[in-house]
Amino acid sequence: MEMLSGGQMVARALEDEGVEFIFGYPGGSVLHIYDALFNESKIPHILVRHEQAATHAADGYTRATGKTGVVLVTSGPGATNAITGIATAYMDSIPMVVLSGQVQSHLIGEDAFQETDMVGISRPIVKHSFLVKKAEDLPRTIKKAFHIAATGRPGPVVIDIPKDITKPEEKFEYHYPESVKLRSYNPSQRGHAGQIKKAVKLLLSAKRPVIYSGGGVILGNASELLTELAQTLKYPVTNTLMGLGAYPGSDPQFLGMLGMHGFYEANMAMHESDVILAVGARFDDRVTNSLDRFCPGAKIIHIDIDPTSISKTVPADIPIVGPVASVLTDMLNQVRAQREQDAALPDADALATWWQRIEGWRESHGLWTAPRYQQGDGIMPQQVIESLYRATAGDAFVTSDVGQHQMFAAQYYRFNKPRRWINSGGLGTMGFGFPSAMGAKLAFPDADVACVTGEGSIQMNIQEMSTCTQYEIPVKIINLNNGYLGMVKQWQDMQYEGRYAESTYADSLPNFVKLAEAYGHVGMKIEKLADLDAAMDEAFAMKDRLVFMDILVDPSEHVYPMHIAPNGSMADMWLSKTERT
Amino acid sequence: MRRILSILLENEPGALSRIVGLFSQRGYNIETLNVAPTDDISLSRLTMTTDGDDKEIEQITKQLNKLVDVVKVVDLTEGAHIERDLMLIKVRALGPDRAEINRCVEIFRGQVVDVGPSVYTIMLSGTAAKLDSFIEALGDTTVLEVVRSGVAGISRGERVLSL
Ligand SMILES: Cc1cc2nc3c(=O)[nH]c(=O)nc-3n(C[C@H](O)[C@H](O)[C@H](O)COP(=O)(O)OP(=O)(O)OC[C@H]3O[C@@H](n4cnc5c(N)ncnc54)[C@H](O)[C@@H]3O)c2cc1C
Ligand SMILES: Cc1ncc(C[n+]2csc(CCOP(=O)(O)OP(=O)(O)O)c2C)c(N)n1
Ligand SMILES: [Mg+2]
């Protein structure tokens, strides 16, 4: 058997695991590992400019590909800088393995230089974590970490590695296990047959059904099955912010996103429904509005792999614990079986009436049936997304930051495929968009990758322009520059009589064009609507250049619809600054 | 309602902190917590008493099960079970009080495990409620120190919590 040092075992295990990229940043306690990577690893390492960006880049890579992302950081500040990115991945159930250096074993607990209790500090935001005590344990621990990160409900796993166990002088027998079994960890593999039968019976008896699907469908690679089920039944589908792309956005059965900034027709359909099929969605408070007014007439079927997601906020009438793909397969079979018994199911007349109502909602207030925004001064943010959609033929990977621009991107870019829309929904992390775009672009070098951002968010990880120079990562930055922390300003307009407490930066914004150029990229400033489409085409024609498009948009625009809270139902919405349901 | 949860846990470093962390992070309360390795040293057995309505207990149980180190969780209060709390209590014992204290210990089937010129240390086990009544029964006796193990529990009859 081959003899390797701890550092070499880390490098080799990552190769044996099939890792394609390591996103990281070196420092004292990981230098043995870096040396081993330098000497013998073929895995490309991306040196970011801040560890937060390493986690977001790994995360973006994962969301685009479905493969577990890998991060390598040093102890102390390296580890703490990674925390926001780990929490972001945790909230959205993204598989990730974070290797953090730790001080030498005998120094742990002594407040040694760059010591921080990484296992402790990350505990509430990881799926699991390990502090490796012996070099011999490294291969098996790494295998376990990848297994735990990617199976069941995915999530980030931290492996904290004291420096002394990676030292080059001591060598150990290396064997990377094919698989691992943990007696205490057995995620569900299949839904309960009896529950599925009951669920299909209820589903087929529905008169006003709606399918509410979420990030779990994308995580569980079940978009095609979901689409097949919805199209077999001809039931309407709405997606959460995390589920966009799980059902084709251009299909007429798609009602758009639901929730706080969801489509009128999607929220109305939920509120008026009699049966909701929730698939890999977790009834987040940004979706439900007030729980005691949530969908009063609806019976709920809830499919989720994680029992804690079921009946956490909204009680499920028929819970099904299991992976979406296998449960949907079983459901499709059940639908066929039950329809063979009674071909008249579901009730076609009721469904036709239901669709008529939905079409009415869509006609009156749908965001895609007519322009719902007023043309203001200059460029409207929605027009930028429409232009982006056109220029990329609806087929780009679109990442985003957090704020109004994120909601406009979610509403106006019609995602037809899963894994094309990449954003931080659960934690809502400004600074996520740009590094995650880097990760997606590295995974798909020939695809268009656009980061839709705001002048606030982009400045949270703008240093990564340097990384893009070093590794030639030609993403397109679409900066919807409204000169404000726009989402904050919108709330201040609506709830604080327009007192803009710290939501603007006076005249301190940098010249983004020059800044991009300083890093060796292309900068463009677009101020007039007439120039928008041409500039967008020009930017995407520059296949091998990072282009920073600084687009000045109307600063007074708000995102609508918007749920009315507190004490509102899903049907209570502001539709514009003056109009409400 | 008061519940007694019994948890079988991998005897790994950090495992206990994940359980305790879960409770503080999600705002559940822990009344007592008792933990020690079992006959199989790779496993720890934990007994925890907590308070909550059915919905809350359901979430707590699910969240505990979700922890990678947790092997099994049962709510002992769902069936017939035995609970025991062990108490060591040090009291001031002078003159005529000594006989009075002894009588009380006998009634509660406790044991004086250490005797000093002016103090007794008494050991007593039973349900948490029994231990509370004992302290009450001591009346005017000065209690110097109390240490309790927290509830340890097991189900009655054939039901077994094991791998
Ligand atoms: C500014 C802002 C505004 C927002 N507004 C909205 C809004 O208007 N509408 C909206 O929807 N969201 C909105 N969000 C996002 C919101 O906060 C939540 O992140 C989102 O609603 C959660 O999406 P989800 O329910 O699909 O769950 P996710 O977070 O995607 O969770 C996935 C669920 O699927 C389960 N799962 C995972 N894998 C599988 C599998 N293989 N099989 C079965 N189940 C699986 C998981 O256990 C989990 O329960 C907003 C966020 C921000 C930052
Ligand atoms: C790290 C972080 N800090 C603060 C917030 C709160 N927040 C949400 S949206 C927003 C404003 C974002 O401004 P900008 O990026 O310019 O986007 P806009 O809303 O103007 O489109 C803020 C501050 C956050 N989500 N993330
Ligand atoms: Mg802004």
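Position numbers for residues count from 1 along each chain, tracking the sequence in the order it is written. Starting at A for chains and at 1 for ligands, labels are handed out in the order in which the entities are written. Per-residue local features are limited, in this predicted model, to residues with pLDDT of at least 70; the limit for side-chain atom pairs, both in listing and counting, is 80 or more; totals at the level of whole chains, interfaces and linings are taken over all residues. Only hydrogens and water are set aside; all other atoms, that is, all heavy atoms of the structure, feed into the side-chain values.

In the nomenclature of an unreviewed UniProt entry, chain B is known as Acetolactate synthase small subunit of Candidatus Litorirhabdus singularis. The UniProt entry for chain B carries the following text under Subunit (unreviewed entry): "Dimer of large and small chains." UniProt positions are given in the numbering used here, feature names are shortened, and annotations may be inferred rather than shown by experiment. In the Sequence similarities (unreviewed entry) part of its UniProt record, chain B is described as follows: "Belongs to the acetolactate synthase small subunit family."

The name an unreviewed UniProt entry assigns to chain A is Acetolactate synthase, from the organism Candidatus Litorirhabdus singularis. In UniProt, chain A has this text filed under Catalytic activity (unreviewed entry): "2 pyruvate + H(+) = (2S)-2-acetolactate + CO2". Looking at the Sequence similarities (unreviewed entry) heading of the UniProt record, one finds this comment for chain A: "Belongs to the TPP enzyme family."

S.K.: Teacher, can you tell me more about the site of ligand 2 here?
M.R.: Residues and elements named next belong to chain A. Close contacts around ligand 2 come from 18 residues, with Gln404, Gly428, Ser457, Gly486 and Met487 the closest. N or O atoms closer than or at 3.5 Å make up a polar contact, with two conditions inside protein: a donor-capable atom paired with an acceptor-capable one, and, for residues adjacent in sequence, both atoms drawn from side chains. Asparagine 482 places a side-chain nitrogen or oxygen 2.9 Å from an oxygen atom of ligand 2. Backbone polar atom of methionine 487 to an oxygen atom of ligand 2: 2.9 Å apart, as the coordinates give it. Against a free-state accessible area of 580 Å², the protein chains account for coverage of 76% of ligand 2. Put simply, DSSP H or I for four residues or longer makes a helix, DSSP E for two residues or longer makes a strand, and each gets a number counted from the N terminus. Considering each element in turn, the shell around ligand 2 owes the most residues, three residues, to helix α18 (residues 486-495). Within the shell around ligand 2, the residues separate by chemical class into eight nonpolar, nine polar and one charged. Near is defined per residue: the residue qualifies when any heavy atom it owns lies within 4 Å of the molecule or strand. To be clear on the numbers: accessible area is Shrake-Rupley with a 1.4 Å probe, and residue cover counts the displayed protein chains and nothing else. Residue polarity is assigned by list, with Asp, Glu, Lys and Arg as charged and Ala, Val, Leu, Ile, Met, Phe, Trp, Tyr, Cys and Pro as nonpolar; anything else, Gly included, falls into the polar class.

S.K.: In this structure, what is going on with the interface of chain A and chain B? I would like to understand it.
M.R.: Many structure descriptions define interface size as the accessible area lost when the parts assemble. It only takes one pair of heavy atoms within 4.5 Å for two residues to be counted as in contact. Counting residues at the interface gives 20 residues for chain A, matched by 23 residues for chain B. When chain A packs against chain B, the two sides together hide about 1,600 Å² of surface, and 46% of this comes from carbon and sulfur. Together, Arg123, Arg183 and Ser184 of chain A form the three largest contributors to the area buried by chain A at its contact with chain B, with a combined 39%. We count a salt bridge whenever a side-chain nitrogen from Lys or Arg sits within 4 Å of a carboxyl oxygen from Asp or Glu. As a salt-bridge pair, aspartate 306 of chain A and lysine 66 of chain B come within 2.7 Å of each other at their nearest N and O atoms. Residue composition of the side of chain A that touches chain B, grouped by class: seven nonpolar, six polar and seven charged. Note on definitions: buried area is the accessible-area loss of two parts on being combined, 1.4 Å probe, summed for both.

S.K.: Before we go on, may I ask you to explain the packing of aromatic side chains in this structure?
M.R.: Aromatic rings in a pair are described by how distant their centres are and how their planes are angled relative to each other. Residue and element names in this part refer to chain A. Classification of ring pairs uses Phe, Tyr and Trp, with its six-membered ring standing for Trp, and accepts pairs whose centres are within 6.5 Å; under 30 degrees between planes counts as stacked, over 60 as edge-to-face, and the remaining range as tilted. Applying the stated rule across the entire model yields 18 aromatic pairs over all chains. Where phenylalanine 397 meets phenylalanine 444, the ring centres are 4.8 Å apart and the plane angle is 20°; that geometry is what we call stacked. Of this pair, phenylalanine 397 sits in strand β15 (residues 397-400) while phenylalanine 444 sits in the loop between α16 (433-443) and β17 (449-454), placing them 47 residues apart in sequence. Both rings, one in tyrosine 484 and one in tyrosine 500, keep their centres 5.7 Å apart while their planes meet at 65°; by these two values the pair is edge-to-face. Of this pair, tyrosine 484 sits in the loop between β18 (476-481) and α18 while tyrosine 500 sits in the loop between α18 and α19 (512-518), placing them 16 residues apart in sequence.

S.K.: Looking at this model, I keep getting lost on the sheet that holds strand β6 (residues 128-131) of chain A. Mind explaining?
M.R.: Paired through their backbone hydrogen bonds, the strands of a sheet run either parallel or antiparallel. All names here are of chain A. Pairing between two strands is assigned when DSSP locates at least 2 bridges connecting them. Read from one edge of the open sheet, six strands run β3-β2-β4-β5-β7-β6, paired in parallel fashion. Pairing within the sheet leaves two strands with one partner each, and these edge strands are β3 (45-47) and β6. Put simply, the sheet's adjacent strands are angled 20° from each other on average, direction ignored. Relative to strand β7 (residues 156-162), β6 is paired through four bridges, and the arrangement is parallel. Bridging across to β7, leucine 131 finds its partner in aspartate 160. Orientation is described by lines fitted to C-alpha atoms, with helices fitted over the stretch in contact, and by angles between N-to-C directions that extend from 0 to 180 degrees.

S.K.: Would you mind showing me how to read unusual backbone geometry here?
M.R.: Trans is the prevailing form of peptide bonds, just as negative phi is the prevailing case for residues other than glycine. All names here are of chain A. Looking along the chain, the bond that leaves tyrosine 560 and enters proline 561 is cis, with omega of 0°. In this fold, proline 561 is placed in the loop between β20 (547-552) and β21 (562-563). In this model, cysteine 295 sits at a positive phi of 35°, which is unusual for a non-glycine residue. On the basis of relative accessibility, which here comes to 3%, the residue cysteine 295 falls in the buried class. Notably, serine 311 is not glycine yet its phi reads approximately 55°, a positive angle. Locating serine 311 in the fold gives a position in the loop between β13 (299-304) and β14 (318-321). Categorising residues by exposure relies on relative accessible area from a 1.4 Å probe, with only protein chains included: less than 20% of the type maximum marks a residue as buried, more than 50% marks it as exposed, and the intermediate range marks it as partly exposed.

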